[in-house]
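Secondary and tertiary structure notes
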Amino acid sequence: MKKKVSANKESLQNGGKLSARSSFWRFPIVWMLVGAIGIVLIDTLFRQLTERVDGMISLVLTLVMGLLAIMVYKLTLTYLARRSTPEIARQRAGIEAVLGVLTGTIFIAGSVFIIMALGGYSFQWASSANAGSVLIYSSVGAALGAAIVEELIFRGLMFQAIDRLGGKPLALAVTSLFFGIAHLGNTGATLWSGFAIALEAGVLLGAAFLWRRNLWFAMGLHFAWNAIEGVLGIPVSGHSAPGLFTVEVNGAALLTGGDFGLEGSIVPVVFSLLISIPMLIGAARYRRVEARNLPVSK
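In this text the structure is predicted, and so the values were computed from the model without any measurement. (Residues numbered from 1 in each chain as written. Predicted model: local features only at pLDDT ≥ 70, side-chain atom pairs only at ≥ 80, totals over all residues. Heavy atoms only, no water.)

Turning to the packing of aromatic side chains, a few remarks are in order. Scanning all chains against the criterion turns up 10 aromatic pairs. For the pair Tyr-121 and Phe-123, a centre-to-centre distance of 6.0 Å together with 75° between the ring planes defines the contact as edge-to-face. In this structure Tyr-121 comes out as buried when scored by relative accessible area, which is 5%. Accessibility expressed as a relative area gives 22% for Phe-123, which makes it partly exposed. Here the basic side chain of Arg-212 rests over the ring of Phe-217, its NZ or CZ set 5.9 Å away from the ring centre. The ring of Tyr-286 carries the charged tip of Arg-213 above its face, separated from the ring centre by 3.5 Å. (Phe/Tyr/Trp six-rings, centres within 6.5 Å; stacked < 30°, edge-to-face > 60°. Buried < 20%, exposed > 50% of the residue type's maximum accessible area, 1.4 Å probe, protein only. Lys NZ or Arg CZ within 6 Å of the ring centre and 35° of its normal.)

Okay, the layout of surface pockets next. Of the pockets and cavities examined, the largest pocket occupies roughly 1200 Å³. Taken together, 46 residues line the largest pocket, and the ones lying closest to its centre are Arg-47, Gly-141, Ala-142, Ala-143 and Ala-146. Among the elements that take part in the lining of the largest pocket, helix α5 (residues 131-166) stands out by supplying 13 residues, more than any other. Approximately 400 Å³ is the volume attributed to the second largest pocket. Lining of the second largest pocket is provided by 14 residues; of these, Gln-160, Asp-163, Lys-168, Phe-209 and Arg-213 occupy positions nearest its centre. Listing elements by their share of the lining of the second largest pocket, those giving two or more residues are α5, α7 (191-212) and α10 (266-292). Grouping the amino acids of the lining of the second largest pocket by side-chain chemistry returns five nonpolar, one polar and eight charged. (1 Å grid on protein atoms, 1.4 Å probe; cavity = no way out; pocket = protein on both sides within 12 Å on 5 of 7 lines; lining within 4 Å. Points joined across faces, edges and corners; volume = space filled by probe spheres on them. Helix = DSSP H or I, 4+ residues; strand = E, 2+ residues; numbered from the N terminus. Nonpolar A, V, L, I, M, F, W, Y, C, P; charged D, E, K, R; others polar.)

This brings us to the environment of Leu-63. Relative to the elements of secondary structure, Leu-63 occurs in helix α3 (residues 56-79). Each C-alpha atom of the pair Leu-63 and Phe-46 lies 10.0 Å from the other, and the pair is 17 residues apart in sequence.

Angle between the axes and distance between the axes: these two values describe a pair of packed helices. Where helix α6 (residues 168-182) meets α7, the closest approach of the two axes is 7 Å, and the angle between their N-to-C directions is 140°. The angle between α6 and α7 falls in the class oblique. Both α6 and α7 take part in a crossing whose hand is right-handed. Of the residues in α7, those in contact with Lys-168, Leu-172, Ser-176, Phe-179 and Gly-180 of α6 are Gly-194, Ile-197, Ala-198, Ala-201, Gly-202, Val-203, Leu-205, Gly-206, Ala-207 and Leu-210. (Axes fitted to C-alpha atoms, helices over the stretch in contact; angles between N-to-C directions. Parallel < 35°, antiparallel > 145°, perpendicular 65-115°, else oblique. Left-handed = near helix turned anticlockwise from the far one by under 90°. Contact = heavy atoms within 4.5 Å.)

Trp-31, Ile-39, Tyr-73, Leu-152 and Leu-157 are the most contacted members of the largest nonpolar core, which totals 58 residues. At the level of secondary structure, the elements contributing two or more residues to this core comprise α2 (28-50), α3, α4 (93-117), α5, α6, α7, α8 (215-232) and α10. The biggest single contributor to this core is α5, with 10 residues. Discounting residues that sit within four places of it in the chain, Ile-39 has contacts with Ala-69, Val-72, Tyr-73, Val-149, Leu-152, Ile-153 and Leu-157. (Core = buried A, V, L, I, M, F, W, Y, C linked by side-chain atoms within 4.5 Å.)

This next bit is on the packing of α7 against α10. Relative to each other, α7 and α10 sit at 30°, their axes nearing to 8 Å. Relative to α10, α7 is oriented roughly parallel. When the axes of α7 and α10 are compared, the crossing they make is left-handed. Across from Trp-192, Ala-196, Leu-199, Glu-200, Val-203, Leu-204, Ala-207, Ala-208, Leu-210 and Trp-211 in α7, the residues of α10 making contact are Ile-266, Pro-268, Val-269, Ser-272, Ile-275, Ser-276, Met-279, Leu-280, Gly-282, Ala-283 and Arg-287. Here the residues of the contact of α7 with α10 are counted per class, giving 16 nonpolar, three polar and two charged.

Written out as structure tokens, the structure is:
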């Protein structure tokens, strides 16, 4: 009898330890940090590899990096957070990504056109530009890598972790703030540019995620944003790279963004809010409809 009681106590103690470990790994901040570290390590490794090669191999390595980063994200949420990942479901992934690309194209092209109309930008064809290299390997590769990694970390891991702890409004505010802070170390960055990034990128991409309820749309929007700027020769959040055009900047930095690039301009800040607000309204309406359709417990 004593042996049975002792065995039961030991079993309960072991069960308690396992439960404590499981609870630790399922805590949102824990799985957010584990997943983010894994994705950053993969991004760092492959970035070093892509810097050593050119051409198509560089683009292939970026695609492999993206697939591995998505795999780490899925494994983190499946086995640590113990939840499904409908936000990266393959169904409608292509359509959502294309819609995101179109939205990002309209946003960036519209912002650039307004600044041009106000005399802030003028463009000339870069005679030394290699069109294939710029379009495929430089702008596209860099934009694709950044879009996948940053969306997985900020809208995928951080947003959903904070959402679990304090709800969607807090998640939108926190991820937007940290997204702005993350860009303060870039060339030409100022407190204003950090604030601008928080609004135009943090809020817009967070709103896109809430509205479409998937990461593919946000990745497509983010990709188009960076790629178009790169092709036009505009610095992407302070990062300059050869484009198909050279841009001549005239006027106040508040209009043109100065050395930081388009993201430091007031124009995309205002334009992004005009896009974000309808997205947030649409997301709120969807949640209300979803709440009404939930079965009522008796």
